[in-house]
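Listed below, chain by chain, are the residues.
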Amino acid sequence: MDQDWDEDTLTWNNAPLAGENITGTWVDPLPVLPGWPGVPRQWDVSRAAAQAHAAGRPLRLAVYSADYAYHSGRYFTASDVDDWDEVGRPTLTVTWGEPGQ
């Protein structure tokens, strides 16, 4: 995302536009809810993290589905889910290193 946003006031009509599609992955529909914490999914956002760090700005990421079907058999947990599903929350893991090493 190219600008800050506030989840308490965010709507479809005032959401900031995505600046760039950083990465993607296929998430196959599941025939049944797999139970908690669900199926881990991983995306490589290294380039976006490095660019944000180099520019001295926050890393702003959005996850979205190109599938329009609300009940498409894909299950994701929001970052502000209660503690009962803490392990299912999205997690950003940064491993810092020197370029080229």
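In what follows, the structure referred to is the one given above.
Report follows, based on the coordinates. (Residues numbered from 1 in each chain as written. Predicted model: local features only at pLDDT ≥ 70, side-chain atom pairs only at ≥ 80, totals over all residues. Heavy atoms only, no water.)

Points about the environment of valine 63
Relative to the helices and strands, valine 63 is located in the segment after α1 (46-55). Taking the C-alpha atoms as reference points, valine 63 and phenylalanine 76, separated by 13 residues in sequence, lie 9.7 Å from one another. (Helix = DSSP H or I, 4+ residues; strand = E, 2+ residues; numbered from the N terminus.)

Focus on the side chain of arginine 60
With respect to the helices, strands and loops of the structure, arginine 60 is situated in the segment after α1. In this structure arginine 60 comes out as buried when scored by relative accessible area, which is 18%. Of note is the side chain of arginine 60, whose polar atom sits 2.8 Å from the side chain of aspartate 4. Apart from residues lying up to four places away in sequence, arginine 60 is in contact with Met1, Asp2, Gln3 and Asp4. (Buried < 20%, exposed > 50% of the residue type's maximum accessible area, 1.4 Å probe, protein only. Polar contact = N/O pair within 3.5 Å; in protein donor to acceptor, adjacent residues only side chain to side chain. Contact = heavy atoms within 4.5 Å.)

Points about the pattern of salt bridges
According to the stated counting rule, one finds three salt bridges in the structure shown. In this structure, arginine 47 and glutamate 20 form a salt bridge, with 2.9 Å as the shortest nitrogen-oxygen distance. In this pair, arginine 47 sits in helix α1 while glutamate 20 sits in the segment before α1, placing the two residues 27 residues apart along the sequence. Among the residues examined, arginine 47 registers a relative accessible area of 40% and is labelled partly exposed. The closest approach of N and O atoms between aspartate 83 and arginine 89, which form a salt bridge, is 2.9 Å. (Salt bridge = Lys/Arg side-chain N within 4 Å of Asp/Glu carboxyl O.)

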